[in-house]
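A structural walkthrough
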Amino acid sequence: MSCDTPGYLDVHAHFVTDSYVRQARAAGHELPDGVPAWPTWSATAHLELMDRCAIETAMLSISSPGIHFGDDTAARRLAREVNEAGAETVREHPGRFGLFASLPLPDVDGALEEIAYAYDDLHADGVILETNTHGSYLGNGDLEPVWAELDRRGAVVFLHPTSPVCWERSALGRPRPMIEFIFDTARSVTDLLMAGTLERHRDLTVIVPHCGGALPVLADRIDGFMNTFMPPRPESPTAVEQLGRLYYDLAGPVLPRQLPALLGLVGTDRLLYGSDHCWTPAAAVQAHIAGLDSAPAPEGAVSWRALTTANARRVLPRTPRRPTESPS
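Here is a short report on the structure shown in this document. (Residues numbered from 1 in each chain as written. Predicted model: local features only at pLDDT ≥ 70, side-chain atom pairs only at ≥ 80, totals over all residues. Heavy atoms only, no water.)

Thoughts on the sheet that holds strand β8 (residues 205-208)
- Taken together, the eight strands give an open sheet; going across it, the order is β1-β2-β3-β4-β7-β8-β9-β10, and neighbouring strands pair in parallel fashion. If you trace the sheet from one side to the other, it starts and ends with β1 (8-14) and β10 (271-272), each paired once.
- With four bridges joining them, strand β4 (residues 126-130) and strand β7 (residues 156-160) adopt parallel strand pairing. By the bridge assignment, Val-127 is partnered in β7 with Val-157.
- Where helix α2 (residues 43-53) meets the sheet, its contacts fall on β1, β2 (55-61) and β3 (97-102), and the angle it forms with β2 comes to roughly 140°. (Pairing = 2+ DSSP bridges. Helix = DSSP H or I, 4+ residues; strand = E, 2+ residues; numbered from the N terminus. Contact = heavy atoms within 4.5 Å. Axes fitted to C-alpha atoms, helices over the stretch in contact; angles between N-to-C directions.)

Now the structure itself:
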């Protein structure tokens, strides 16, 4: 890659700590979401992968199963613990990492407290919200104070799928990230649309993972049901219009089929790169990037790398660059 080619800005990257894994296992997540094993993570190994793949910066977050295992007090402690660990990694490697902070939802008071700490003390770049917590989805009216505070701060909100409460029947014994994550993303975003959350809080920047999950093929169906069953409000945007205002990362096997479907819903200015490492192994990350780098760029773009990085810099303007890097 030439020195004029930008490095990717990875909006979908994860970390784990030994303490976090111990607490998750103690809460019953020995095989997280049906995956055979927990990943390992270190900043050193992550940076080595980033350098091999020309990823300039990775936004770290805690993936599913999240940090709330049934006890509000324990969830508040664990949120603070992982957020401080992530912020320390950001400080130790200037320009290479950012942080999407975890919140102890559905504990609203705890979440509001952690938003303040994450932004004001840790200088987080945004927050990560799981698609549901113990069956409570993001359009739940009880969460309105959290959305209002995030909106007030103009927050970047990274959505991440997790297992639905019905997974014992619906997953058919297979790892839930394969299919359940894709549909829980669509379920949660649909809930936000039907609840009017996205329309009420227009100062949010919402990132939807995995190329939108099932949303590209469900968008018109959702739109039709909203038009039929919700009170008519001529001044309100349609579901398709609201989906077009969101951002979508390209984590997962998006080529050759899923990405073209997404481009039927949103413009290329809404696309961001995501690796899903450390849950996606290094070899798969490298193969994914090789596929994107070799794929024909959309009209008007030099490359998928240049396009997604420029979009991410616009979405995350506070993300620091390497000390030796100057803005182009």
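Some details on the environment of Asp-120
- Along the chain, Asp-120 falls in helix α4 (residues 108-120).
- A polar atom in the side chain of Asp-120 sits 3.0 Å from the side chain of Arg-153. (Polar contact = N/O pair within 3.5 Å; in protein donor to acceptor, adjacent residues only side chain to side chain.)

Re the packing of α4 against helix α5 (residues 144-152)
- It is the contact of α4 with α5, at a shortest axis distance of 9 Å, that shows an interaxial angle of 15°. The angle between the axes of α4 and α5 places the two elements in the roughly parallel class. Crossing hand, α4 versus α5: right-handed. Of α5, the residues touching α4 (which contributes Val-108, Ala-111, Leu-112 and Ile-115) are Pro-145, Val-146, Glu-149 and Leu-150.
- Considered class by class, the residues forming the contact of α4 with α5 number seven nonpolar, no polar and one charged. (Parallel < 35°, antiparallel > 145°, perpendicular 65-115°, else oblique. Left-handed = near helix turned anticlockwise from the far one by under 90°. Nonpolar A, V, L, I, M, F, W, Y, C, P; charged D, E, K, R; others polar.)

Quick word on the nonpolar core
- Grouped together as the largest cluster of nonpolar side chains are 81 residues, with contacts concentrated most on Leu-129 and Leu-150.
- Beyond its immediate chain neighbours, meaning those up to four positions away, Leu-129 contacts Leu-103, Leu-105, Leu-138, Trp-147, Leu-150, Val-157, Phe-158, Leu-159 and His-160.
- Counting residues in each nonpolar core, the second largest holds 13 residues, with Val-11, Met-59, Ile-128 and Val-315 among its members. (Core = buried A, V, L, I, M, F, W, Y, C linked by side-chain atoms within 4.5 Å. Buried < 20%, exposed > 50% of the residue type's maximum accessible area, 1.4 Å probe, protein only.)

Description of the environment of Tyr-248
- Positionally, Tyr-248 belongs in strand β9 (residues 247-249).
- A residue is classified by how much of its surface remains accessible, and Tyr-248, at 0% relative accessible area, is buried.
- With residues near it in sequence (within four places) discarded, Tyr-248 still touches Val-208, Cys-211, Gly-212, Leu-243, Leu-262, Leu-265, Val-266, Arg-270, Leu-271 and Leu-272.
- A distance of 2.7 Å separates a polar atom in the side chain of Tyr-248 from the backbone oxygen of Leu-243.

Quick notes on unusual backbone geometry
- The linkage connecting Leu-255 with the following residue, Pro-256, adopts the cis geometry, with an omega of 10°.
- Here the residue pair His-277 and Cys-278 is connected by a cis peptide bond, since its omega of 20° sits within 30 degrees of zero.
- Take Cys-278: it is sitting in the loop between β10 and α12 (282-294).
- Look at Ala-54: it is not a glycine, yet its phi comes out positive at around 55°.
- Considering the arrangement of structural elements, one finds Ala-54 in the loop between α2 and β2.
- On the accessibility criterion, Ala-54 (18% relative accessible area) is buried.

Some thoughts on the packing of aromatic side chains
- In this structure the tally under the stated criterion is eight aromatic pairs.
- Between the aromatic rings of Trp-38 and Trp-279, the centroid separation amounts to 5.5 Å while the plane-to-plane angle is 55°, which identifies the pairing as tilted. On the criterion of sequence distance, the pair formed by Trp-38 in the loop between α1 (18-26) and α2 and Trp-279 in the loop between β10 and α12 is long-range, its members being 241 residues apart.
- Since its relative accessible area comes to 9%, Trp-38 is described here as buried.
- With relative accessibility at 21%, the residue Trp-279 sits in the partly exposed group.
- Taking the centre distance of 5.5 Å and the plane angle of 35° together, the rings of Phe-225 and Phe-229 count as tilted. (Phe/Tyr/Trp six-rings, centres within 6.5 Å; stacked < 30°, edge-to-face > 60°.)

A word on the side chain of Asp-33
- By secondary structure assignment, the location of Asp-33 is in the loop between α1 and α2.
- Despite being buried, Asp-33 has no salt bridge partner; Arg-176 is the closest side chain of opposite charge, sitting 4.2 Å away.
- Of note is the side chain of Asp-33, whose polar atom sits 2.5 Å from the side chain of Ser-163.
- Setting aside residues up to four positions removed in sequence, Asp-33 forms contacts with Ser-64, Pro-65, Thr-162, Ser-163, Pro-175, Arg-176, Pro-177 and Phe-181. (Lys, Arg positive; Asp, Glu negative; His and termini not counted. Salt bridge = Lys/Arg side-chain N within 4 Å of Asp/Glu carboxyl O.)

A few points about the pattern of salt bridges
- Under the definition given, this model contains 15 salt bridges.
- Glu-30 serves as the salt-bridge partner of Arg-25, at 3.3 Å between the closest nitrogen and oxygen.
- Glu-113 serves as the salt-bridge partner of Arg-76, at 3.7 Å between the closest nitrogen and oxygen. Here Glu-113 lies in helix α4 and Arg-76 lies in helix α3 (residues 72-92), a separation of 37 residues in the sequence.
- In this structure Glu-113 comes out as partly exposed when scored by relative accessible area, which is 45%.

That's the geometry; what it means functionally is another story.
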